[in-house]
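Architecture and fold: a report
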Amino acid sequence: MNEALLKRSDRRNRLTNKTFKFPQEIKDHFYTANYFSKTEEIIKTHLKDTVVTMQFFAREHGVLCGVDQALSLLATFAVKPESLTVEALFDGDTIKPFEPVLKITGPYVNFGFLESLIDGILTRQTNIATNSKEVVKAAQGKEVFSMADRQDDYLTQAGDGYASFIGGITKFSTDAQGSYVDINGMGTMPHALIAMTGGDVVTASRLFLETFPETPLTALVDYHNDSVGDSLKVARAFGKKLSAIRLDTSRALADVVFSDGCSNFEEVRGVSKALVFKVREALDREGFNYVKIVVSSGFNAEKIQDFEKDNVPVDMYGVGTYLLNNKTIGFTGDIVKVNGKAQAKVGREEYFSTRLETVKLTKN
């Protein structure tokens, strides 16, 4: 794992790191808001010596992320980045509304075209880091793994995984999600594998073990909506070779274990607390107390907190949609000084923080 991401004092080395990968089209302004490109041309022609101070801030509380990537972006694409005066907070810092997280002073033409990219990086990664921190806190020490790969464009996976890592998640479903922090993806089987074995979870599990004998087996047991029955089938078939079972029941269904009609559908639909207790009791009754229970499908901080409050016997939570779509923390970049004098639109002013630290950039 990249130790520079773990030790605050070492992470200032980020200014020259090659961790973050960028498309080279950035230098051609392909990803720059068009009005910034036009403004750059105007400044080059008429105001080329203009020096500005630009600050970036949010209006909400959150777990900051994206600063490292923004600094790497500046080091890679800004003109003469070593000439810029840069102050920044750290990824992982808890931020307050209107607290500046990044300040850049230098010739506008050297970095101004990167403003909207920096806004976007800070916004997306801070949202994901904040959401990740919330689910990790709710899980109270139990493991959480990110299944967010299926919730957005595949090109976002590396940055999203990094942001989740800053929020405390260290397990990911794809190699791309863990690529910035040197963590490989994890997982065993999807519903697709069970389908291709004729719906036989035992056969699917056997094929997995034959192909990946060194990887702990986690069997997916909701394919037939009979999680208790299929959990017992794989436990009886594989014994100590079975590491865990995963419950992924759709929220539109109630498991067949509740088919007696006595239960309230709203309380038992999907991966419910009652279902987890039923599976745990069935496994323990036959001596399979070593088999762990992994849950996924519709989990968020509130649901995890509710499970933990009632001591539901879950060993690991899989979370997807919530990590990407819960928060709306937006960042703004503003010029607040021009040639050393205060200058900002009405309603904006320069904000200050005693936590900002100077960063010396060198060209990547």
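Just above, that's the structure.
Read on for a plain summary of the structure. Small disclaimer: the values here were computed from a predicted structure and weren't measured. (Residues numbered from 1 in each chain as written. Predicted model: local features only at pLDDT ≥ 70, side-chain atom pairs only at ≥ 80, totals over all residues. Heavy atoms only, no water.)

**Some remarks on the nonpolar core**
This is how the line gets drawn: What is meant by a nonpolar core is a set of buried Ala, Val, Leu, Ile, Met, Phe, Trp, Tyr and Cys residues, joined one to another through side-chain atoms within 4.5 Å. Throughout this description, buried means an accessible area under 20% of the type-specific maximum (1.4 Å probe, protein chains only), exposed means over 50%, and partly exposed covers the range between. Should any heavy atoms of two residues lie within 4.5 Å, those residues are considered in contact.
Judged by nonpolar contacts, the single largest core of 99 residues is most densely connected at Leu74, Leu102, Ile118, Ile245 and Leu247. If near-sequence neighbours (up to four positions away) are discounted, Ile245 is found in contact with Thr218, Ala219, Val221, Ser231, Val234, Val279, Leu283, Val291, Lys292, Ile293 and Val294.

**Things to note about the sheet that holds strand 1 (residues 51–58)**
Within a sheet, each strand pairs with its neighbour through backbone hydrogen bonds, oriented either parallel or antiparallel. For the record, the criterion: Only strands joined by at least two bridges in the DSSP assignment are considered to pair. Counting from the N terminus, the helices are DSSP H or I runs at least four residues long and the strands are E runs at least two residues long. Orientation is described by lines fitted to C-alpha atoms, with helices fitted over the stretch in contact, and by angles between N-to-C directions that extend from 0 to 180 degrees.
Spatial ordering of the open sheet is given by 13-12-1-5-3-14, a layout of six strands whose pairing is antiparallel. Only two strands of the sheet have a single partner each, and these edge strands are strand 13 (341–342) and strand 14 (357–359). Relative to strand 13, strand 12 (residues 331–338) runs antiparallel, the two sharing two bridges. Bridged to Lys337 within strand 13 is Ala342. Contacting strand 1, strand 5 (102–107) and strand 12, helix 4 (residues 115–139) crosses the sheet at an angle of about 140 degrees to strand 12.

**A word on the environment of Asp255**
Note the following rule: Between N or O atoms, a polar contact is any pair within 3.5 Å; within protein, one atom must be a potential hydrogen donor and the other a potential acceptor, and residues adjacent in sequence are included only when both atoms are from side chains.
Inspection of the secondary structure assignment puts Asp255 in the loop between strand 9 (242–247) and helix 9 (265–268). What makes Asp255 buried here is its relative accessible area of 1%. Other than its neighbours up to four places away in sequence, Asp255 contacts Asn225, Asp226, Ser227 and Leu275. Of note is the side chain of Asp255, whose polar atom sits 2.9 Å from the backbone nitrogen of Ser227. Side-chain polar atoms of Asp255 contact the backbone nitrogen of Val257, separated by 2.9 Å.

**A word on the pattern of salt bridges**
Opposite charge on two side chains allows them to pair when their charged atoms are near. Selection criterion: Any Lys or Arg side-chain nitrogen located within 4 Å of an Asp or Glu carboxyl oxygen qualifies as a salt bridge.
Tallied over the full model, the rule gives 22 salt bridges. Linked through salt bridges whose partners overlap, the residues forming this network are Lys273, Asp306, Lys309 and Asp310.

**Let's talk about helix 4**
To be explicit about the condition: Here, expected helix span is obtained from the residue count minus one, scaled by 1.5 Å.
For helix 4, built from 25 residues, the straight-helix expectation of 36 Å at 1.5 Å per residue is met to within 8% by its first-to-last C-alpha distance of 36 Å. Of the residues one or two after helix 4, Gln140 is the one with positive phi, at around 50 degrees.

Purely geometric stuff here, so don't read any function into it on its own.
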